[in-house]
Amino acid sequence: MSYADEISKRRTFAIISHPDAGKTTLTEKFLLFGGAIQTAGAVKSNKIRKSTSSDFMDIERQRGISVATSVMGFDYNGLKINLLDTPGHKDFAEDTYRTLTAVDSVILVVDCVKGVEEQTEKLMHVCRMRNTPVIIFVNKMDREGKDPFELLDELEAKLNIKVRPLSWPISMGMSFKGVYNLYNKKLYLFRPGGVTVAEDVLTINGLDDPQLDTQLGDYATKLKDDVELIETAGQPFTVDHYLAGGLAPVFFGSAINNFGVKELLETFTEIAPPPGSRPTNIRVITPDEKAFSGFVFKIHANLDPRHRDRIAFLRICSGRFERNTMYHHVRLDKNIRFSSPASFLGQKKSIIDEAFPGDVIGLYDTGNFKIGDTLTEGENLQFQGIPSFSPEIFKELVNLDPSKSKQLAKGIEQLTDEGVAQLYTQQQGNRRIVGTVGELQFDVIQYRLEHEYNAKCRFHRMDVHKACWVTSDDPKAMDDFCRYRAERIMIDKDGNFVYMAESSWIIKSLQADYPAIRFHDTSEFKREMQEG
Ligand code: G4P
């Protein structure tokens, strides 16, 4: 197979959702269709259950599950599909944000009863930042949920994206009859507990086909009215609009009943984009470039405290990756060879000899990598678009054993390289602030520092609303700002200045008082902050 064919047959995507919407169930059905697993129940949820949130080992054990499920490859319709898993638990949202940098498109699962939930909004915000194409699957239609039109309005309003249903539900809950596919004009009839929908597909000759009335009875009239409304008042669907990230096609179904899943997968394979270009600090890298390049978006620690080796997950952006070949680690300016790179099929891991753009491979790492690192064939470039977002909880790291301060420093450096949390140091003085999106990480850090680095610490909560990255074109203005606000100016791990804002009100007033200073939402400074 030619190099161009290898690239064009790859589809790399993630399924995202608020916990409990049905991400794991849908993933499993996809893998069943792809033949990567044979039985239902094979995919372990990487959900972290609430009841165990104070048991550190359990958190780690449960997190361990996600090593196996970090990438799930399967073949479908002649395509090689890489499905990247994202932790559902909100405390690990940062992991999910980073995984979204490594995909080319996304399927968003929404629970029809609950509609758009908090986590859905946050995840979509990240997708919208990079115009990632999104397909929406409204799940659990076997339950009494929200009115589908209302749901579409809610999706548009809360997710800041145009939506266009490609299938339309016929009733819901106890009386759920199935969906009408607006694209191929077929009627899919709902039979609970189905494994395949093939036998329930009815090819009808448009909405005037008498079979519609025979099959649906009174529901046929409502369906006709609904479809007319969508087709006259709705946004027309174009693949280009979807690929540009401006329009999300919507499907309705029930993952647990395997209903609407095949339809979703078929459409996905038809319209989802192949591996795309990626920006670097120098130029845009296109997948067809012959020289290999890729970046690390996730690092998973070994759970065995006696070994500090980890698995770094690398997304290949261009060229062919080959085993036992020297590649250039740009940040460290050194060449490294990988003797046992792993790829993933279903939930099985195996050593590979080569990999192509769109693929995600696991590299054994003994401490060389941190999130965002770039590997090339020698060119000094750095992939962009793997920014840090502001954490939500900030605590000062307090050393409990002065004789172990070196161990503590090393431990917190390495754990934050893995992306467990963000680390900021005070510009003046040596206070260290750890920022996370959830309380769980503090437990994980404390436990791992003690067991892997033999260092004891405690955390002292700080009154910080948000971390804002600050820049200015005027060095004097920056200098003045940092001096007057020294107490709250920190430096992140890449040497950027960060202001630890007390409240959104303070950010607004600082913006007015210091017009030469720019406040940014993320460490890559692309977007200015919009508070209030
Ligand atoms: P998540 O990964 O997004 O967190 O969701 P997951 O797939 O684990 O699904 C959450 C719950 O919703 C599960 O029930 C699952 O069985 C159920 N579910 C998924 N799809 C559908 C659907 O189409 N209809 C209905 N009615 N339920 C659905 P659970 O009781 O939490 O877990 P389990 O004991 O069934 O595994």
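Keep in mind that this is a model prediction, so the values were computed, not measured.

### Structural notes on the site of the ligand
And step 1. Around the ligand lies a shell of 17 residues, among which Asp20, Lys23, Thr24, Thr25 and Ser254 are the nearest.
And step 2. A distance of 2.8 Å separates a nitrogen atom of the ligand from a polar side-chain atom of Asp142.
And step 3. Contact between the ligand and Arg143: a nitrogen atom at 3.2 Å from a side-chain N or O atom of the residue.
And step 4. Protein contacts shield 67% of the accessible area of the ligand, which totals 710 Å² for the unbound molecule.
And step 5. Sort the elements by how many residues they give to the shell around the ligand and helix H2 (residues 23-33) lands first, with three residues.
And step 6. A breakdown of the residues in the shell around the ligand according to their chemical character gives four nonpolar, seven polar and six charged.

### Comments concerning the sheet that holds strand S9 (residues 186-189)
And step 1. As summarised here, the arrangement of the four strands in space is S7-S8-S9-S10, forming an open sheet in which the pairing is antiparallel. At either end of the open sheet lies a strand with only one pairing partner, and these are strand S7 (167-170) and strand S10 (201-203). Strand-to-strand, the axes of this sheet are offset by a mean angle of 25°, without reference to chain direction.
And step 2. For strand S8 (residues 178-181) and S9, the ladder comprises three bridges, and the chain directions are antiparallel. Bridge assignment links Tyr180 to a residue of S9, and that residue is Leu187.
And step 3. Contacts from helix H8 (residues 219-233) reach S7 and S8, with the element oriented near 150° to S7.

### Here's the deal with the pairing of S9
And step 1. In sequence, S8 turns back onto S9 through a hairpin of four residues, with Lys185 there showing a positive phi of about 60°.
And step 2. Where S9 meets S10, three bridges bridge the pair, whose relative direction is antiparallel. The partner of Tyr188 across the bridge, within S10, is Val201.

### Brief notes about the environment of Thr267
And step 1. Among the structural elements, Thr267 can be located in helix H10 (residues 261-271).
And step 2. Judged by its relative accessible area of 8%, Thr267 falls in the buried class.
And step 3. Residues Thr267 and Pro249 lie 18 residues apart in sequence; the distance between their C-alpha atoms is 9.7 Å.
And step 4. Excluding residues within four positions of it along the chain, Thr267 makes contact with Leu166, Phe251 and Ala272.

### Side note on the sheet that holds strand S26 (residues 432-436)
And step 1. In space, the eight strands of this open sheet follow the order S27-S24-S26-S25-S29-S30-S28-S31, with antiparallel pairing throughout. What marks the edges here is a single partner per strand, and that holds for strand S27 (457-461) and strand S31 (517-520). Each strand axis lies, on average, 40° off the axis of its neighbour in the sheet, ignoring direction.
And step 2. Sheet topology note: the strand S25 (residues 422-426)/S26 ladder contains four bridges and is antiparallel. The residue bridging Thr425 from the neighbouring strand is Arg432, located in S26.
And step 3. Lying over the sheet, helix H13 (residues 475-484) contacts strand S28 (466-472), strand S29 (489-491), strand S30 (497-501) and S31, oriented at roughly 150° with respect to S28.

Reading guide: rules and limits
Residues numbered from 1 in each chain as written. Predicted model: local features only at pLDDT ≥ 70, side-chain atom pairs only at ≥ 80, totals over all residues. Heavy atoms only, no water. Near = heavy atom within 4 Å. Polar contact = N/O pair within 3.5 Å; in protein donor to acceptor, adjacent residues only side chain to side chain. Areas by Shrake-Rupley, 256 points an atom, 1.4 Å probe, with all protein chains shown as cover. Helix = DSSP H or I, 4+ residues; strand = E, 2+ residues; numbered from the N terminus. Nonpolar A, V, L, I, M, F, W, Y, C, P; charged D, E, K, R; others polar. Pairing = 2+ DSSP bridges. Axes fitted to C-alpha atoms, helices over the stretch in contact; angles between N-to-C directions. Contact = heavy atoms within 4.5 Å. Buried < 20%, exposed > 50% of the residue type's maximum accessible area, 1.4 Å probe, protein only.

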